[in-house]
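Residues per chain are reported as follows:
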Amino acid sequence: QVDLVESGGGLVQPGGSLRLSCAASGFTFSNYSMGWFRQAPGKEREFVAGICRYGTYTAYTNSVKGRFTISRTNAKNTVYLQMNSLKPEDTAVYHCAARLSLSYTRVASDYNYWGQGTQVTVSS
């Protein structure tokens, strides 16, 4: 049974930090590139960050560059999203996703598996 379980979300003040984790099971994690997407109320799901199978290449949406860092530990079947200098506009449900490919894309429909998501709220 394939499972992606996100954790680490919560309520944080503007300027604060959170570290999201996504634990994978039920498939060979190292064969999959990984992505983080987010969806705010009333908005479409958007790409946040992606990482290739071996962690060599990463990509970010422009609004989070320099503030967010995606990483992975294949030995632990886990992908992370370190979020610093958080802003109210980062408020959303954050989902991790797995794609059976060497590399990520920015297109949600290209991903094979999805987690249920974790809520991130940035507010004073």
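Residues numbered from 1 in each chain as written. Predicted model: local features only at pLDDT ≥ 70, side-chain atom pairs only at ≥ 80, totals over all residues. Heavy atoms only, no water.

So, the pairing of strand β4 (residues 33-39)
Most of β4 sits inside the fold, with six of its seven residues counted as buried. Examined bridge by bridge, β4 and strand β9 (residues 92-99) share seven bridges and lie antiparallel to one another. Counterpart to Trp 36 in the pairing with β9 is Cys 96. Two elements, β4 and strand β5 (residues 46-51), share five bridges in a ladder whose sense is antiparallel. Each residue of the ladder has a partner; that of Met 34, found in β5, is Ile 51. What sits between β4 and β5 in their antiparallel hairpin is a turn of six residues, with Gly 42 showing a positive phi close to 75°. (Buried < 20%, exposed > 50% of the residue type's maximum accessible area, 1.4 Å probe, protein only. Helix = DSSP H or I, 4+ residues; strand = E, 2+ residues; numbered from the N terminus. Pairing = 2+ DSSP bridges.)

Looking at the packing of aromatic side chains
Summed over all chains, the structure comprises seven aromatic pairs. A centroid spacing of 5.2 Å and a plane angle of 80° characterise the contact between Phe 37 and Tyr 111, whose relative ring orientation is edge-to-face. Linking Phe 37 in strand β4 with Tyr 111 in the loop between β9 and β10 (113-114), this pair joins segments that are 74 residues apart in sequence. Classification of Phe 37 by relative accessible area gives buried; the value is 0%. Ring pairs connect the aromatic residues Phe 37, Phe 47, Tyr 111 and Trp 114, which therefore count as one cluster. Taking the ring centre of Trp 114 as reference, the NZ or CZ of Arg 45 above it sits at 4.7 Å. Taking NZ or CZ as reference, Arg 72 lies 4.4 Å from the ring centre of Phe 29, over its face. (Phe/Tyr/Trp six-rings, centres within 6.5 Å; stacked < 30°, edge-to-face > 60°. Lys NZ or Arg CZ within 6 Å of the ring centre and 35° of its normal.)

Digging into the side chain of Asp 90
If you trace the backbone, Asp 90 turns up in the loop between β8 (78-83) and β9. Classification of Asp 90 by relative accessible area gives buried; the value is 1%. Within the structure, Asp 90 has its side chain in polar contact with the side chain of Arg 38 (distance 3.0 Å). Here Arg 67 takes part through its side chain, which lies 2.8 Å from a polar atom of the side chain of Asp 90. Among residues more than four places away in sequence, those in contact with Asp 90 are Arg 38, Val 64, Arg 67, Phe 68, Ser 85, Val 120 and Val 122. (Polar contact = N/O pair within 3.5 Å; in protein donor to acceptor, adjacent residues only side chain to side chain. Contact = heavy atoms within 4.5 Å.)

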